[in-house]
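Here is what each chain is made of, one letter per residue.
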Amino acid sequence: MNVRHRGGWSVAALVAVVVAVALLGACAPSAPKGAKPGKAGGGGATSDMSVAAGKVYVAPGDLDEYYMFSSGGHSGQVYVYGLPSMRHISTIPVYSPYPATGYGFDDDSKAMLGYLTWGDVHHPSLSETGGDYDGRWLFVNDMNGRVARVDLRDFKTKQILGPVPNVSGNHGSAFVTPNTEYSMMASRFSIPLPKGTTTGTDKYATDYKGVLTAIKIDPKKVPGLVWLMPCGKSPHGVDVSPDGKWIIGSGKLQGVTTAFNFEKVQTAIRNKDYEGDEDGIPVLKYESIKDAEVPVGLGPLHTQFGPNGMAYTSLFVDSAIASWKLGTWELVDKVPMSYSIGHLAAAEGDTVNPDGKYLVGLNKLSHGRHLSVGPSQPESSQLVDISDEKMKLLSDTFTEPEPHYAQIIKADKIHTIEVYPKEDNHHPLAIWDVKDAGIARQGGKAVVKMIAVRTSFTPTEFTVNQGETVTVAVTNIEQTTDELHGFAILDYNINIVIDPGETKTVTFKAEKKGVFPFYCTNFCSALHQEMQGYMIVK
Ligand code: CUA
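Residue numbering note: each chain is counted from 1, following its sequence as written. Owing to the predicted nature of the model, reporting of local features is limited to residues with pLDDT of at least 70; listing and counting of side-chain atom pairs is limited to 80 or more, with chain, interface and lining totals taken over all residues. The side-chain figures draw on all heavy atoms in the structure; neither hydrogens nor water molecules are used.

1. Thoughts on the overall build of the protein
Only DSSP runs of H or I with at least four residues qualify as helices, and only runs of E with at least two residues qualify as strands; both kinds are numbered from the N terminus onward. Looking only at helices and strands, one finds five helices and 37 strands in the protein. With a 1.4 Å probe rolled over the protein chains alone, any residue whose accessible area is under 20% of its type maximum counts as buried; one over 50% counts as exposed, and the rest are partly exposed. Going through the 538 residues of the protein one by one, you find that 51% of them count as buried. The contacts in the protein between residues at least 6 apart in sequence include a share of 59% that link residues at least 24 apart. Throughout, the Shrake-Rupley method with a 1.4 Å probe supplies accessible areas, and for residues the shown protein chains are the sole cover considered. Only carbon and sulfur atoms are counted for the fraction: they give 55% of the accessible area of the protein, which is about 23800 Å². Contact between two residues is taken to exist if any of their heavy atoms lie within 4.5 Å; hydrogens are not considered.

2. Side note on unusual backbone geometry
Following Leu83, the chain continues into Pro84 via a peptide bond in cis, with omega recorded as 15 degrees. Relative to the helices and strands, Pro84 is located in the loop between strand S4 (77-83) and strand S5 (87-93). With omega at 0 degrees, the peptide bond leading from Gly162 into Pro163 counts as cis. With phi around 60 degrees, Met86 is a residue other than glycine that occupies positive phi space. Mapped onto the elements, Met86 comes out in the loop between S4 and S5. The phi torsion at Phe155 lies on the positive side, around 55 degrees, for a residue other than glycine.

3. Regarding the environment of His343
Mapped onto the fold, His343 is located in strand S23 (residues 341-347). Since its relative accessible area comes to 5%, His343 is described here as buried. Distance in space between the C-alpha atoms of His343 and His302 is 5.9 Å, their sequence separation being 41 residues. Each polar contact in these results corresponds to two N or O atoms within 3.5 Å; when the atoms are within protein, one needs to be able to donate a hydrogen and the other to accept it, and residues that are neighboring in sequence are counted only if both atoms are side-chain atoms. There is a polar contact of 3.2 Å between the side chain of His343 and the side chain of His302. Separated by 3.5 Å, the side chains of His343 and His404 make a polar contact.

4. Observations concerning the sheet that holds strand S15 (residues 257-261)
Here, any two strands with at least 2 DSSP bridges between them count as paired. The strand order across the open sheet formed by four strands is S13-S14-S15-S18, and the pairing between neighbours is antiparallel. A strand with exactly one partner marks an edge of an open sheet, and here the two such strands are strand S13 (235-240) and strand S18 (290-294). With direction set aside, neighbouring strand axes in the sheet form an average angle of 20 degrees. Pairing geometry for S15 and S18, over four bridges, is antiparallel. Angles here are taken between N-to-C directions and fall from 0 to 180 degrees, while the axes themselves are lines fitted to C-alpha atoms, restricted in helices to the stretch in contact.

So this is what it looks like as structure tokens:
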């Protein structure tokens, strides 16, 4: 296993479970008719427009009430929004190089990405304490068997763990336990195990397996055993109610979602109330653990929760959200989604204390409800007001591929830093005084220690020999908010960004002879464009 990190995780346990995977024939709705610029493109239960506009309007200079972290799918990134405005505030690169922040170009982040320069991110998972989001970290999965940890002090990826053995297509991940002891990884594709075994698909039923892996975050406990719960056709989302009483299992090829009673599950385990086993893992008796089948509508996928026992289930086939009540199992309302909703995210909806107020539908298709941009259409998310029993659609938002799931956290739970304090910078190549800047030969390579500060690089030029290995270490000695500097060398595929108080290194072989300009890529002052110099390769 290949572990790259700056923190401390280890793989705690491997537990095999059978994962049923089925592909759903997508029921694509037809494109809206008569969509014109400036007009609503299709159906939708939009409430009174001025009321809806007032609910999502955040005045200039005012701040949003929530952060939403949305997975970026195969972009390998996480998108950060403010709610209720749904304004895109930031992009956090995780599994893919991102020139805008220099991620994947400097030595450290390049090593962290390893040989993979893409990832497929599905489920962001905020760290929790006592079942509530605590605003420390965000964990995200990658289909290539990895899990990453993003630090919410600086919104940067600090660790990528994996690929973890035998997880083939890490989709159902990176959900954390209520005190962030474990982050989970689950196979999407069953394969013969261990990885590298070449059994043919004629042995699929017996030899192809999925695994569930628990990544230990804080070594305190060991996981228990595993039981299987039967669920309707092609089970998709499994969501636990805020009070822990019910486990909601959605079989996406049926018209109901099943509420399993967790107490009954425990009793069935105690009484060994089984209806057989799969690969030695006992299967609990459906009738013994089920409390209700709720007739939510066609294609139930995922359930989120609000206060007062409200539950919200996304319906892929119906292209709608159903709201219903835990315990009484009555259907309350339905609101259409445009189009083909997958996941949905409620404000603080995965915690023991959901906020209600807002629900975001993450739709699979946007179908022209936006200015046309050619065949590659943006992804669509819709903001729904759930403060009353009657749900109201408030706004449409579009973004790049390919959000899948999101989590929404109260903004005041996140405490960011704005600069890296000088005294916390222990980088061995950091310098703070221009008299220490310059080039030296160390261990057979050229090491350039450079200072970046408004509005120059010191040294402004350096000379190396063709074929020499060069490390440039740039320290941004600014201690002022938003004073970033970039360092790019033309024709050398080098582009790093250094935040205030940071030191970053980039190592390369000076293969091409000539004079190569370097310059600051990140706007820093009126003299930003003058912040430049030359690398001479002799
Ligand atoms: Cu430094 Cu632009």
